[in-house]
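Analysis of the macromolecular model
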Amino acid sequence: MPKASKKQQRKAEDFKKVKLKVGKKKAPPSNATDTSFTSKSIVLAEQSISVDKSSELTNSRNLTLKELLSQLRHYSTPIRKDAVAGLADLLARYPEIIRAELGPIIEGSVRLIVDNEPAVRRILLKLYSGLLPELPSRDLAPFVPLIVIFACSAMTHILDDIRADAVRFLDLLSEIAPRSVSQFASKILPNFFSLLETNTPSSDGSRASINSRTTLLTLGNRLSIMRSCYNYLAVYTSPLTQTSDPLWFMANQSSAPTATSTAAHIDINCSMSHLYFHPNDPAPFATLNLFDETVGAHSGFGKEATSEDGQGQRDAAGGTVDAHAEIRAQCKEALARLFPFLQATWVESATIFSQSQISSGQSLELCAFVMQILQTLWRTAYTGFIPLSETKLVGFLRRCMTHFPFGNDSIGDSEAEETLLSLNIRVSELVAMIHLGAAQSGSADPTILAEISKWSKHTVKFVQMAMGVKSKRQSVGAGTSLRVEQVAGASLNHESFAELLLVVWQLMHGLGQKDAEQLLVAVMHYAGSCQLASPSKTLCVRFLSKIIELQWSRSPAGGALDLAKLQLSDMVANWALGLPKLMWQLRDRNLAASTAAAETLRLIGQRTRLLDAAASDTLQASLVTLFCVSVPGKGTVFGPFRQYPPALQRTVLEAVSYCPRRSEKLSLAIRACLSEATSVSSIGALVEEILV
């Protein structure tokens, strides 16, 4: 039986008074009715597979373009990824909708460039790689700015993998729309600077270190960013650096650099070639200044043709004209801001050159891209030569010459051999341009000049070895002669040989007569040893032809080379006498080289006195083989002349027409060759003139 006290306590609870406290909400009465409520609804998503979409274009999953574009903004990563894949499937099924719906497709998908998921970015890059290159440039151009905006945003993202993927989208744009993307250099280049700049830029780069953002990148990502930077710089500077002619540096005399203005002129009394008039050239008496002529004003070989740092040409009013001043300014800024990183990368990766065997790998690729970026920048920023005031490039060259030539006897594979050859050629070009800058400098440190001269000597030896020649001077009586020895040369392809000829051209205009003679002998040797059908054969003939033309012109002909020297003149003459034999060997297998050889023979007969009377008779005897010869036991054997196109036939006949005292044997060979030709209408008048 419960106690009475407990009964009283329970009875008191029914009438207990609740005390109110300050700051506490008053409790609701016990009989209050709760009127709050919540409601929930069930939404059943419509199944697309059950909807009739027979009148719409759908992919394999029965999704329309509108549905796919909406899924590109979904919060779920797998759905966004599947939406991009579905979009690619839809466009592959119905390519006709690409041009009609290109705007919604680009605008809906471009935001995924900054997507946080790598899988989504990769599949988007795959979609763009298949879609954008197939579009006409006029259709893609309106959307390039939008893609560039998102790519630049991704390049400055906090996540390093997004930054690394951003440059891949930029590479794609640079490849398919170079002209459009080059207009945004002011926005794109600063983003490359932020990715590749260093914390401690210095003049010599000795204490430069890669910044915290860059160190977060893996070695592969850094290589990818450098490759993208080089690709974009190549596109941006293409108006100044890209040309269809491998011998662009010899296109006109103004492209030739010079060491001094006094050594750039030929004595007007040194040859008989001044008796000849040539189109668009000053008259032979222009050097006398009888009628206020400006001698060689069009050539640009003297110091007056360039500004103090080798930039631009002067117009008639004396001002400097440069149509690409903005590009040069941007490249100068890029060189200043990227150089600390590039040199730090070189120092970090150049340890590979100390190994006993150099094989291809990321370290060698990094060194290669460092040189490619620097070459693009110095070619654009400086015209003709690099002034000694650019101490950072001189200091960088000093580091390079420690291992030059790279991989002399320690090459591991063919890929590494090709990369090392390119590195050596680019370093040689840097040596040549700095040597020309040293020659332009009036008051330079003698120690630096001696160091640069030593580098130039090493470069000349490398160029000779690359072409398979080793030369040495030896005493002969009261003078000296050049002894040439054949060695195993480098495996030069067409592009590498064209770059090497640029180095030869620059060195010939900066070094002395003896070094220039050694370089020319190396080129003539390589002209005879390279394969007949190779493009390098054409380059050799054209290069030597231009050298002959410049040296026998009345206008200033920059450079230390002087063909009036007896030994060198005899070498060039002997090479010219071998051109008919070369044309016979080539026949119709390399018409470009045959045309270059015929034009050289025409030039020699028309504008020079390179060949004396005896040599001219020897040349005519060799030219007979181009038409026809009588071989005992075989009868008449026709030469390659009948296989030539009409333009080349005309060039050969013009070369014959400039020969003095044409031999009867040559005239008979021409008459016999053309008597059985199918058509001579285009050259008939010229033939009659020669035969008469």
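Going by the structure above, here's the rest.
Report follows, based on the coordinates. Along each chain, residue indices are assigned from 1 in the same order as the chain's sequence is written. For a predicted model such as this one, the threshold for reporting local features is a pLDDT of at least 70, and the threshold for listing and counting side-chain atom pairs is 80 or more; totals across whole chains, interfaces and linings nevertheless cover every residue. Side-chain numbers here rest on the full set of heavy atoms in the structure, without hydrogens or water.

The next point concerns the overall build of the protein chain. Scanning the protein chain from terminus to terminus reveals 29 helices and six strands. Working definition: with a 1.4 Å probe on protein chains only, accessible area under 20% of the residue-type maximum means buried, over 50% means exposed, and in between means partly exposed. Of all 692 residues assigned to the protein chain, the portion counted as buried reaches 47%. Whether two residues touch is decided by their heavy atoms; if any such pair falls within 4.5 Å, the residues are in contact. Restricting to contacts in the protein chain with at least 6 residues of sequence separation, those with at least 24 account for 72%. To be clear on the numbers: accessible area is Shrake-Rupley with a 1.4 Å probe, and residue cover counts the displayed protein chains and nothing else. Only carbon and sulfur atoms are counted for the fraction: they give 52% of the accessible area of the protein chain, which is about 35200 Å². Secondary structure elements follow DSSP: runs of H or I no shorter than four residues count as helices, runs of E no shorter than two count as strands, and numbering proceeds from the N terminus.

Right, let's get into the environment of Met583. Here Met583 shows up in helix 24 (residues 579-586). Among the residues examined, Met583 registers a relative accessible area of 1% and is labelled buried. Beyond its immediate sequence surroundings of up to four residues, Met583 is in contact with Ser594, Ala597, Ala598, Leu601, Leu626, Pro640, Tyr644 and Val652.

Interaxial angle, 0 to 180 degrees, is taken between N-to-C directions of lines fitted to C-alpha atoms, where a helix line uses only the stretch in contact. Running from N to C, helix 22 (residues 535-551) and helix 25 (residues 591-607) cross one another at 15°; their axes reach a closest spacing of 8 Å. The angle between helix 22 and helix 25 places the two elements in the roughly parallel class. Two packed elements cross with a definite hand, and for helix 22 against helix 25 that hand is left-handed. Contact residues: helix 22 offers Lys537, Thr538, Val541, Arg542, Ser545, Ile548 and Glu549, while helix 25 offers Ala592, Ala593, Ala596, Ala597, Thr600, Leu603, Ile604 and Arg607. Residues that form the contact of helix 22 with helix 25 fall into these classes: eight nonpolar, three polar and four charged. By the definition adopted for this analysis, an angle is roughly parallel if under 35 degrees, roughly antiparallel if over 145, roughly perpendicular if from 65 to 115, and oblique otherwise. In this scheme the crossing of two helices becomes right-handed for a clockwise turn of the near helix relative to the far one and left-handed for an anticlockwise turn of less than a right angle. Charged residues are taken to be Asp, Glu, Lys and Arg, nonpolar residues to be Ala, Val, Leu, Ile, Met, Phe, Trp, Tyr, Cys and Pro, and polar residues to be all remaining types, Gly included.

Attention now goes to the pairing of strand 6 (residues 635-638). Pairing between two strands is assigned when DSSP locates at least 2 bridges connecting them. As judged from the four bridges shared by strand 5 (residues 628-631) and strand 6, these two strands associate in the antiparallel manner. By the bridge assignment, Val631 is partnered in strand 6 with Gly635. Counting the residues in the hairpin turn of strand 5 and strand 6 gives three residues, including Gly633, whose phi is positive at 90°.

Let us look at the nonpolar core. Formed by 187 residues in total, the largest nonpolar core has its most connected members in Trp346, Phe353, Met467, Phe543 and Phe627. Here Phe353 is in contact with Trp346, Ile358, Leu364, Cys367, His403, Phe406, Leu420 and Leu423, once residues within four sequence places are set aside. Take the buried Ala, Val, Leu, Ile, Met, Phe, Trp, Tyr and Cys residues and link them wherever side-chain atoms come within 4.5 Å; each set so joined is a nonpolar core.

The linkage connecting Phe404 with the following residue, Pro405, adopts the cis geometry, with an omega of -5°. Tracing the backbone through its elements, the reader meets Pro405 in the loop between helix 17 (391-400) and helix 18 (414-440). You will see that Asn62, though not glycine, has its phi angle at about 60°, which is positive. The buried category is assigned to Asn62, whose relative accessible area is 18%. Even without being glycine, Arg587 reaches a positive phi, approximately 50°.

The next point concerns the pattern of salt bridges. Each reported salt bridge corresponds to a side-chain nitrogen of Lys or Arg within 4 Å of a carboxyl oxygen of Asp or Glu. Tallied over the full model, the rule gives 18 salt bridges. Through salt bridges with shared partners, a single network forms among Arg121, Asp161, Asp165 and Arg168.

A few words on the packing of helix 18 against helix 20 (residues 494-508). Where helix 18 meets helix 20, the closest approach of the two axes is 9 Å, and the angle between their N-to-C directions is 20°. Classified by the interaxial angle, the pair formed by helix 18 and helix 20 is roughly parallel. Pair helix 18 / helix 20 crosses with left-handed handedness. Contact residues: helix 18 offers Leu421, Ile425, Ser428, Glu429, Ala432, Met433 and Leu436, while helix 20 offers Ser496, Glu499, Leu500, Leu502, Val503, Gln506 and Leu507. Classifying every residue of the contact of helix 18 with helix 20 gives nine nonpolar, three polar and two charged.

Moving on: a negative patch on the surface. A contiguous patch of negative charge, built from Glu415, Glu417, Glu418 and Glu495, is present on the exposed surface. Per-element tally for the negative patch: the top contributor is helix 18, with three residues. Residue placement: Glu417 occurs in helix 18. The patches described consist of residues with a relative accessible area above 30% and no salt bridge, like charges being joined within 9 Å and nonpolar side chains (Val, Leu, Ile, Met, Phe, Trp, Tyr) within 5 Å. A positive count includes Lys and Arg, and a negative count includes Asp and Glu. His and the chain ends are not counted in either. Where a charge lies is defined by one atom per residue type, namely NZ (Lys), CZ (Arg), CG (Asp) and CD (Glu).

Turning our attention to helix 16 (residues 362-381). The end-to-end C-alpha distance of helix 16, which contains 20 residues, comes to 28 Å, matching closely the 28 Å that a straight helix rising 1.5 Å per residue would cover. Of all 20 residues in helix 16, 17 are buried; the element is thus mostly enclosed. Multiply 1.5 Å by the residue count of a helix minus one, and that product is the helix's expected span.

Stacked, tilted and edge-to-face are the three classes applied to pairs of Phe, Tyr and Trp rings, where Trp contributes its six-membered ring and a pair requires centres within 6.5 Å; stacked means planes under 30 degrees apart, edge-to-face means over 60, and tilted covers the rest. Throughout the structure, instances matching the rule amount to 15 aromatic pairs. Relative to Trp505, the ring of Phe249 has its centre 6.3 Å away and its plane inclined at 45°; by these criteria the two rings are tilted. With a gap of 256 residues between them, Phe249 in the loop between helix 14 (238-241) and strand 1 (313-314) and Trp505 in helix 20 connect regions that are remote in the sequence. By relative accessible area, Phe249 is classed as buried at 2%. Judged by relative accessible area, which is 2%, Trp505 ranks as buried. Members of the aromatic cluster, connected to one another through ring pairs, are Phe339, Trp346, Phe353, Phe396, Phe404, Phe406 and Phe462. Above the face of the Trp584 ring, Arg587 is positioned so that its terminal group lies 4.8 Å from the ring centre. Note on criteria: charge over ring means Lys NZ or Arg CZ within 6 Å of the ring centre, with the direction from the centre no more than 35 degrees off the ring normal. For Arg642, the ring lying beneath its charged end belongs to Phe638, and the centroid distance is 4.2 Å.

Each full turn of the α-helix corresponds to 3.6 residues, which orients residues three or four apart in the same direction. For helix 6 (residues 118-131), built from 14 residues, the straight-helix expectation of 20 Å at 1.5 Å per residue is met to within 8% by its first-to-last C-alpha distance of 20 Å. Buried within helix 6 are the following residues: Val120, Arg121, Ile123, Leu124, Leu125, Leu127, Tyr128 and Leu131. Here the buried face of helix 6 lies against helix 3 (77-93), helix 4 (97-100), helix 5 (102-109) and helix 9 (160-176).

All right, on to the environment of Tyr644 then. By the secondary structure assignment, Tyr644 is in the loop between strand 6 and helix 27 (646-657). Judged by relative accessible area, which is 4%, Tyr644 ranks as buried. Each C-alpha atom, one on Tyr644 and one on Ser594, is 9.1 Å from the other, the two residues being 50 residues apart in sequence. Aside from chain neighbours lying at most four places away, what touches Tyr644 is Met583, Arg587, Leu591, Ser594, Leu626, Gln649 and Val652.

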